[in-house]
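Now for the letters of each chain:
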Amino acid sequence: MTDPTSGPRHELAAKLTTAGALQSPAWVSAFEQVPRHAFAPTCWHRTATGLEYLDSANPEQRDHWLAVCYSDVPLVTQVDSSGTATSASSQPSVMAIMLEALDVTTGTTVLEVGTGTGYNAALLCHRLGDDRVHTVEYDQALSTTAAALAQAGYHPAMRVGDGAEGWPAQAPYDRIIATYGTKRVPPAWLRQCTPGGVIVANLGLGVIALHVDQHGHTASGRFLSRAAFMNSRAGGDAATVPQAAFDPAIVGLGHPADTPPDLRDDNFTAWLHLHSPEIVQVTLPGPDDSPSQAEHIFANRAGSWARVGNGRITQVGPIWRDVHDAHTRWAHAGRPDVEQIGLTVQDDGHHTLWVDSPSSTQHWSLT
């Protein structure tokens, strides 16, 4: 009997190839053969009006659900009691870029940190074989993912644990890939990766490929693209913007101030998140989405916040100083794109950010 998902799978692989996200025949084959829909039987799909819930068991939704599964979009697959997304199937093009960056060959061993739905683990197993893939998930509901992987024919080594600790009992690994956002590269990953290996991760708002030196103590590399993953749940709750930042009476108490016009620039936002990963940013578009009249709110977990734009600033605590200092550094560096930025990471946890080259005079220590 003809598999109705064969066509959509091949179409998705073709789109990712045309876009340049997929390059090697082996990864093209993996995306053509591994069924993404098997790992998202129910999901939430973001539309222009909000999140749309889709259930494969609903006959009226099935065709639309299948089409969404094979679109180049992320899918939310789990939410908590407050409605906050806690698990997702990442955007396929970003997954493809990260998998290509691993630069695997036959026999390569991989540690995946963040099993999630299991789709990425299935792609790794298809490419390398079950015995070469190890995957760690923080969520205790990993058994559901294991069942989905088994039903699809894949059986990687799996465990529940904090991904920041890796899986030392099975180390070393030739490659490590993290499928969730992390503020810094945990030293355990570097220590568990073989000399000459590769670590691919999402830091801040970018995907980076770090190449481990031949001594195994340092890894260095540039960001490949902008992307934002769901952050680790082991690190506590993220900062939230207080209601006071939206209160006209309080905001009206602010004072005139010159503010940088390009705070909305995605490259600066990525730069800021690397320097101060605890800061969250919300942009309020101006009339007709005018960038010049946009306002920006910055907040951190300590309760400090600032609302800036239209020549005014309202602030509580020192957060605006941190944002302004980061913007000054970014401007002095030539307002670099994400792809111009790189990191050097040491196994003691020290991170150095640089522009264009590790030997550049433009470099900063990240705390």
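Computed from a predicted structure; not experimentally measured. (Residues numbered from 1 in each chain as written. Predicted model: local features only at pLDDT ≥ 70, side-chain atom pairs only at ≥ 80, totals over all residues. Heavy atoms only, no water.)

Caption draft 1: Quick peek at helix α4 (residues 92–101). When you tally the buried positions in α4, you get nine out of 10 residues, the bulk of the element. Asp 103, located one to two residues past α4, shows a positive phi value of around 55°. (Buried < 20%, exposed > 50% of the residue type's maximum accessible area, 1.4 Å probe, protein only. Helix = DSSP H or I, 4+ residues; strand = E, 2+ residues; numbered from the N terminus.)

Caption draft 2: View of the sheet that holds strand β7 (residues 157–160). In spatial order, the strands read β7-β6-β5-β8-β9-β10-β11-β17-β18-β19; together these 10 strands make up an open sheet with mixed pairing. In this open sheet, the two edge strands, each paired with only one partner strand, are β7 and β19 (363–366). Adjacent strand axes in the sheet meet at a mean angle of 20°, parallel and antiparallel pairs treated alike. Examined bridge by bridge, strand β17 (residues 341–346) and strand β18 (residues 351–355) share five bridges and lie antiparallel to one another. Along β18, the bridge assignment pairs Thr 344 with Thr 352. Running at roughly 170° to strand β5 (residues 110–113), helix α5 (residues 119–128) makes contact with β5, β6 (133–137) and β8 (173–182) of the sheet. (Pairing = 2+ DSSP bridges. Axes fitted to C-alpha atoms, helices over the stretch in contact; angles between N-to-C directions. Contact = heavy atoms within 4.5 Å.)

Caption draft 3: Region of the structure containing the pattern of salt bridges. The full count for this structure, using the stated rule, is three salt bridges. Residue Arg 335 pairs with Asp 262 through a salt bridge whose shortest N-O separation is 2.8 Å. Taken together, the residues span a long stretch of sequence, with Arg 335 in the loop between α10 (319–332) and β17 and Asp 262 in the loop between β12 (255–256) and α9 (266–275) at a distance of 73 residues. When its relative accessible area of 40% is taken as the criterion, Arg 335 is described as partly exposed. (Salt bridge = Lys/Arg side-chain N within 4 Å of Asp/Glu carboxyl O.)

Caption draft 4: The pairing of strand β9 (residues 193–203), seen in detail. For β9, the buried fraction is high: nine of the 11 residues fall into the buried class. By the bridge criterion, six bridges tie β8 to β9 in an arrangement that is parallel. Note that in β9 the partner of Tyr 173 across the bridge is Cys 193. What joins β8 to β9 is helix α7 (residues 187–192), and the crossover it makes is right-handed. Strand direction decides the pairing type here: β9 and strand β10 (residues 206–212), joined by six bridges, are antiparallel. (Right-handed = clockwise from strand over helix to strand, strands pointing away.)

Caption draft 5: Local environment of unusual backbone geometry. Of note, the bond from Ala 171 into Pro 172 is cis; its omega dihedral lies within 30 degrees of zero at 5°. With respect to the helices and strands, the residue Pro 172 is situated in the loop between β7 and β8. Its identity is not glycine, yet Arg 335 carries a phi of approximately 50°, on the positive side. Phi angles above zero are rare outside glycine, and Asp 356 is one such case at about 75°. Mapping Asp 356 onto the fold places it in the loop between β18 and β19.

Caption draft 6: Examining the environment of Gly 107 more closely. With respect to the helices and strands, Gly 107 occurs in the loop between α4 and β5. Distance in space between the C-alpha atoms of Gly 107 and Gly 334 is 42 Å, their sequence separation being 227 residues. Those residues in contact with Gly 107 that lie beyond four places of it in its chain are Arg 132 and Asp 174.

Caption draft 7: Looking closely at the nonpolar core. If you look at the biggest cluster of nonpolar residues, it comprises 46 residues, and the most contacted ones within it are Phe 31, Leu 123 and Val 200. Looking at this core, the elements with two or more residues in it are α1 (6–18), α2 (25–33), α3 (62–69), α4, α5, α6 (142–152), β9 and β10. Sort the elements by how many residues they give to this core and α5 lands first, with seven residues. Apart from the residues within four sequence positions on either side, Leu 123 is in contact with Trp 27, Ala 30, Phe 31, Val 34, Met 95 and Leu 99. One finds Tyr 180, Leu 190, Leu 210 and Phe 268 within the second-largest nonpolar core, a separate group that totals 45 residues. (Core = buried A, V, L, I, M, F, W, Y, C linked by side-chain atoms within 4.5 Å.)

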